[in-house]
Each structure stands twice: as C-alpha cells, then as structure tokens.
Amino acid sequence: MMKGSRTPATRAQEWVEALARPAAITALQPVAARFIYSLRLVATYQRARRDPAPELAQRLGQFTIAIKSLQLLDTIGHAWPDPVNVRRFCCCHLSHDELTLGRMMEAAWRGDEEGFARQVDGLVRSERIDRIWNDAVALVMAEAEYS
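Here goes a summary of the coordinates provided. Residue numbers run consecutively from 1 along every chain, following the written order of its sequence. Given that the model is predicted, a residue must reach a pLDDT of at least 70 before its local features are reported, and side-chain atom pairs must reach 80 or more before they are shown or counted; all residues, however, enter totals for whole chains, interfaces and linings. As a rule here, side-chain values cover all heavy atoms of the structure and leave hydrogens and water aside.

Some thoughts on the overall build of the protein
Rules: For helices the rule is a DSSP run of H or I covering at least 4 residues; for strands it is a run of E covering at least 2, with both sets numbered from the N terminus onward. Think of it in three bands: residues with accessible area under 20% of the maximum for their type are buried, residues over 50% are exposed, and the middle band is partly exposed, with areas taken using a 1.4 Å probe on protein chains only. In this analysis, two residues are considered to be in contact whenever any of their non-hydrogen atoms come within 4.5 Å of each other. For accessible areas, the Shrake-Rupley method is used with a probe of radius 1.4 Å. Any residue's cover is judged against the shown protein chains and nothing else.
Scanning the protein from terminus to terminus reveals seven helices and zero strands. If you list the helices and strands of the protein from N to C, you get α-α-α-α-α-α-α. Taken along the three principal axes of its C-alpha coordinates, the protein extends 55 × 30 × 30 Å. Relative to its 147 residues, the protein shows a buried fraction of 38%. Summarising the internal contacts of the protein: among those between residues at least 6 apart in sequence, 62% fall at separations of at least 24. As presented, the protein carries roughly 9000 Å² of accessible surface, and 52% of it is formed by carbon and sulfur atoms.

Have a look at this one:
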C-alpha cells in the first residue's frame, strides 16, 4: 500500500499502536529527564514517609535545584486532576503522566510558554497553568545556573 493511500481506519490504528508503545525517558531533554527522576524519587520517599529533600539535593547536586523541584511537584500535585501516575525509579519507560510532565519541562527549557500550555490543555484548569509555568521556569533557571 502506498504511503499516501492509508485509510482513516489505518491511520487511527497506527495512532493507537503508537500510544501503546511507552516513550523512553532517554528520549527526553536532560533537564526534563532529571525532573522525572526527581518525581520518581520523591514518590518513593513519600511512600516510605521520609523527607526526600536531602537525597534529592545530593542526587541533583544542588539544594536549590532540589527545592525548586519540590516546589514544582507540589504545584503540580495541587493542579493535576488525579494522582500523577509514576513508574518505578529504575524503569526506562515513561507513564503517560510522566511523558506529559517531561514535555512540559522541555517546553519550559525552550521558553515556549504556548507549547507548555498545550501539554496540559484540557488536563489542568487554565487558571492554574501560569503557576505551574512559573515554577517550571524557576527550576529550569536553577538548572541552567548550576550546569
């Protein structure tokens, strides 16, 4: 079958198959991947009822970056419609929530506020997007300062 002759049903099937293949964390820009690893570490520590800040600061190399990550995670936690689906720390694939958050961080790294908002359009109430954007930019700036 020629590439241009795909039927709508074939295109829909290809789209569904693409959604079923989990994205790899290595496909994310490095700051976005570090944020996803931070999310996973915080989730692990929360389940253990332990403070993640010291370990996060050690792994990220800067206490400022750890605090900015925790602030962003707190903001997301209050804005996200459901608990964020987080994979195990060692998993190389992303959950759909992690992929969305990773793409948000990539947009923040590029300074693309419109692209950032597109990632959460319909997922997060519009009046909460600015706060998430501001916290994401603060984290990106901290990452840039110490890299």
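Past the structure itself, the notes keep going.
Description of helix H3 (residues 53-60)
The condition is simple: An arc is given here, and it is the one of the directions from the helix axis to the C-beta atoms.
Among the residues making up H3, those that are buried are Ala 53, Leu 56, Ala 57 and Leu 60. Summarising the axial view, the buried residues of H3 lie within an arc of 100°, below the 170-degree limit, and thus occupy one face. When the buried face of H3 is taken as reference, the exposed residues oriented beyond 90 degrees from it are Pro 54 and Gln 58. Buried residues along H3 sit against helix H2 (30-47) and helix H4 (63-79). Following H3 by one or two positions, Gly 61 has its phi on the positive side, about 85°.

Observations regarding the packing of helix H5 (residues 96-110) against helix H6 (residues 113-120)
The condition is simple: Each axis is a line fitted through C-alpha atoms, and for a helix only the stretch in contact is used; angles between axes span 0 to 180 degrees, taken between their N-to-C directions. Oblique is the label for any angle not under 35 degrees, not over 145, and not in the 65 to 115 range, which are roughly parallel, roughly antiparallel and roughly perpendicular in turn. Here the nonpolar group is Ala, Val, Leu, Ile, Met, Phe, Trp, Tyr, Cys and Pro; Asp, Glu, Lys and Arg are the charged ones; every other residue, Gly included, is treated as polar.
In the contact formed by H5 and H6, the axes pass within 8 Å of each other and the chain directions differ by 170°. In terms of axis orientation, H5 runs roughly antiparallel to H6. Every residue of H6 that contacts H5 at Thr 100, Arg 103, Met 104, Ala 107 and Ala 108 is listed here: Gly 115, Phe 116, Gln 119 and Val 120. Within the contact of H5 with H6, the residues separate by chemical class into five nonpolar, three polar and one charged.

Some points on unusual backbone geometry
Of note, the phi angle at Arg 49 is positive, near 60°, even though the residue is not glycine. Take Arg 49: it is sitting in the loop between H2 and H3.

A word on the environment of Val 86
Here Val 86 lies in the loop between H4 and H5. Residues Val 86 and Leu 101, 15 residues apart in the sequence, show an inter-C-alpha distance of 11 Å. Non-local contacts of Val 86, meaning those with residues more than four positions away in its chain, are made with Leu 39, Arg 40, Ala 43, Ser 95 and Glu 98.

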